[in-house]
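Summary of the model geometry
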Amino acid sequence: MGDPKGFLKIKRQNCSYRSIDERVKDFHEVAILPENEHSQEQSSRCMDCGTPFCHWGCPLGNYIPEWNQFIAEGLWEKAFTLLVATNNMPEITGRICPALCEYACVLGINDEAVTIRENELAIIEYAFKHGFIKPFPPQKRSGKNVAVIGSGPSGLACAAQLNRAGHKVVVFEKADKIGGILRYGIPYFKLEKWVIDRRLDIWKKEGIEFRVNVDVGGDYPASELLKNFDAVCLASGSRVPRDLNIKGRNLKGIHFALDYLTQSNKRVAHDSINGEIIDAKGGKVVIIGGGDTGSDCVGTAHRQGASSVVQIEVLPKPPEHRTESMPWPTYPFILKTTSSHQEGGERYWSVLTKEFIGEGGRLKKLNCVKVEFSPNKENGRLEMKEIPGSEFEIEADLAILAVGFLHPEHKGLISDLGLKLDKRGNIETDGNFMSSRPGIFAAGDARTGQSLVVKAISEGRRAAYHIDTYLMGKSWLPII
Ligand SMILES: Cc1cc2nc3c(=O)[nH]c(=O)nc-3n(C[C@H](O)[C@H](O)[C@H](O)COP(=O)(O)OP(=O)(O)OC[C@H]3O[C@@H](n4cnc5c(N)ncnc54)[C@H](O)[C@@H]3O)c2cc1C
Ligand code: SF4
């Protein structure tokens with residue numbers, strides 16, 4: 001154990017961020033990689049709990065206390081070996097995970113949690129720097145072919161695990177580059193894309209085949225898939241956006257968040273853009289939706305040079321600290337202020353958008369009203385009521401809809417394969433991740449609805465275990 005009393009002597013200290021003045025001028029990552037000594041010191045705060053709730057909080061079941069102890073002792077290679085036993089992409093989760101584990105950390109009961117996510121990042125970056133990470137192609141091939149549809153974190157984790165088990169894996173991606181929302185969604189200032197490419201290089205050398213610009217169900221019919229592969233994993237995400245069907249929705253200047261963020265990432269990469277350029281430069285931007293996707297739009301709009309940025313949310317402002325209804329170690333729905341929020345702009349809560357108002361076919365302003373919520377006397381459910389006389393307008397040249405996602409695209413592959421859907425429109429599976437059609441599995445957001453990267457990785461790994469078992473009768477892959 002590093003230092004049994006480390007948490008009594010050392011306070012939590014997060015890694016630094018580049019100064020706001022500097023970072024809003026570019027799209028490079030805002031966070032600065034922690035120094036090794038800093039991570040060793042922070043890891044020594046870990047109490048190596050007998051019942052480590054951090055481990056319970058992590059959807060991947062990461063061996064957190066164990067690798068914290070190894071870092072504290074400077075045993076980086078041992079920490080690395082444990083880290084990659086449960087996570088195929090710690091360099092991604094180490095950058096963008098909301099760290100459910102930290103909300104469950106025992107220290108969080110009356111002190112600040114261990115900096116688990118940053119420690120994870122420190123280990124994996126140390127490992128890349130010191131050459132611990134090399135391609136390890138499987139020694140024996142099984143002769144089985146598996147297609148993974150979609151190259152987001154769930155598809156990639158599934159492919160990596162199945163390749164490790166010796167199967168020939170082909171990942172199909174309809175976009176022009178691999179990565180799903182990691183590539184086209186999450187902005188560069190949270191995750192630079194060389195991080196994905198560095199990992200892809202290793203996987204290619206290990207034998208995974210990636211085919212981009214292939215829309216399976218469109219360019220590549222479902223019948224071909226069934227003919228050419230012994231098993232299929234649908235990891236196609238949940239990307240049908242929720243719309244705001246109110247008056248004025250057809251005005252120019254109103255876009256979905258994922259379209260805006262995808263285009264921004266393509267522009268940063270100097271890729272060509274088809275269709276209208278969505279640019280915040282010099283404009284008044286209103287982002288509808290107070291969540292993380294909305295926050296990514298806030299940071300993007302600032303970098304594009306918006307003259308003002310307002311983010312609005314229909315729900316009330318969340319509490320700043322845990323309440324009785326969200327006790328430790330559960331994930332609390334508390335106020336989140338991201339690095340993008342720190343860069344400027346205004347945030348309003350309890351605001352409902354009633355109408356988009358335009359001039360000459362272009363958006364000019366939003367007509368909004370304040371709302372309040374109270375429990376229904378009969379069923380206790382919260383009901384929203386407009387506050388009379390609270391109507392107001394917000395000027396806007398660009399409105400971004402970041403109000404969530406409904407379910408995966410049904411047209412094309414899912415309907416061609418005749419797959420059953422659950423009540424929310426996601427792909428229905430049994431306890432082994434198999435869909436209503438034998439040999440067709442599903443993982444990630446396509447199965448669960450829009451979620452988190454760490455959950456998508458966990459889904460991909462679990463689906464891989466079940467696919468391997470389906471193909472071989474048993475599997476030595478970890479079940480997570
Ligand atoms: C803007 C944004 C920011 C986010 N930020 C974070 C964050 O900071 N941290 C976090 O933990 N989570 C974040 N999330 C959530 C997280 O990114 C998703 O939960 C995760 O990417 C889901 O992974 P997935 O593999 O299931 O699907 P996706 O990442 O959506 O990937 C699915 C892929 O399948 C491809 N595809 C679909 N249909 C076909 C087809 N027929 N043929 C071929 N390819 C197909 C798509 O093109 C896509 O590339 C964010 C989400 C959004 C929208
Ligand atoms: S709960 Fe916190 S203090 Fe306890 S083992 Fe996990 S990281 Fe360490």
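Note that the structure is a prediction, hence the values are computed from the model and not measured.

Analysis parameters
- Residues numbered from 1 in each chain as written.
- Chains lettered and ligands numbered in written order.
- Predicted model: local features only at pLDDT ≥ 70, side-chain atom pairs only at ≥ 80, totals over all residues.
- Heavy atoms only, no water.
- Salt bridge = Lys/Arg side-chain N within 4 Å of Asp/Glu carboxyl O.
- Helix = DSSP H or I, 4+ residues; strand = E, 2+ residues; numbered from the N terminus.
- Buried < 20%, exposed > 50% of the residue type's maximum accessible area, 1.4 Å probe, protein only.
- Axes fitted to C-alpha atoms, helices over the stretch in contact; angles between N-to-C directions.
- Parallel < 35°, antiparallel > 145°, perpendicular 65-115°, else oblique.
- Left-handed = near helix turned anticlockwise from the far one by under 90°.
- Contact = heavy atoms within 4.5 Å.
- Near = heavy atom within 4 Å.
- Polar contact = N/O pair within 3.5 Å; in protein donor to acceptor, adjacent residues only side chain to side chain.
- Areas by Shrake-Rupley, 256 points an atom, 1.4 Å probe, with all protein chains shown as cover.
- Nonpolar A, V, L, I, M, F, W, Y, C, P; charged D, E, K, R; others polar.

In this structure the tally under the stated criterion is 26 salt bridges. Note that R23 and E343 form a salt bridge whose closest N and O atoms lie 2.7 Å from each other. One end of the pair, R23, is in helix α2 (residues 20–23); the other, E343, is in the loop between α15 (339–342) and β8 (346–348), with 320 residues separating them in the sequence. Each member of the pair, R23 together with E343, is buried. Of the charged contacts in the structure, one is a salt bridge between D296 and K190, with a shortest N-O distance of 2.9 Å. Here the residue D296 occupies a position in helix α14 (residues 292–304), and K190 occupies one in the loop between β2 (168–172) and α11 (194–205), the gap between them amounting to 106 residues. Judged by its relative accessible area of 7%, D296 is buried. Beyond isolated ion pairs, a larger network of salt bridges with shared partners links E29, R95, E125 and R198.

Let's shift gears to the packing of helix α3 (residues 36–43) against helix α5 (residues 64–72). Think of two packed helices as two axes; the pair is described by the angle between the axes and how far apart they sit. Relative orientation of the contacting elements α3 and α5 amounts to 130°, with a least axis distance of 8 Å. Of the possible angle classes, the one that applies to α3 and α5 is oblique. Like other packed secondary-structure pairs, α3 and α5 cross with a definite hand, here left-handed. Contact residues: α3 offers S39, Q40 and S43, while α5 offers N68, I71 and A72.

A few words on the site of ligand 1. Inspection of the region around ligand 1 gives 35 residues, with S154, E173, K190, V216 and R239 positioned closest. Note that an oxygen atom of ligand 1 is positioned 3.4 Å from one of the backbone N or O atoms of L452. V453 is positioned with one of its backbone polar atoms (N or O) 2.9 Å from an oxygen atom of ligand 1. Out of a free accessible area of 1,000 Å², ligand 1 has 95% covered by protein chains. Listed by contribution, the elements that provide at least two residues to the shell around ligand 1 are α10 (153–164), α14 and α18 (453–472). The element that contributes the greatest number of residues to the shell around ligand 1 is α10, accounting for three residues. A per-class count over the shell around ligand 1 returns 15 nonpolar, 13 polar and seven charged.

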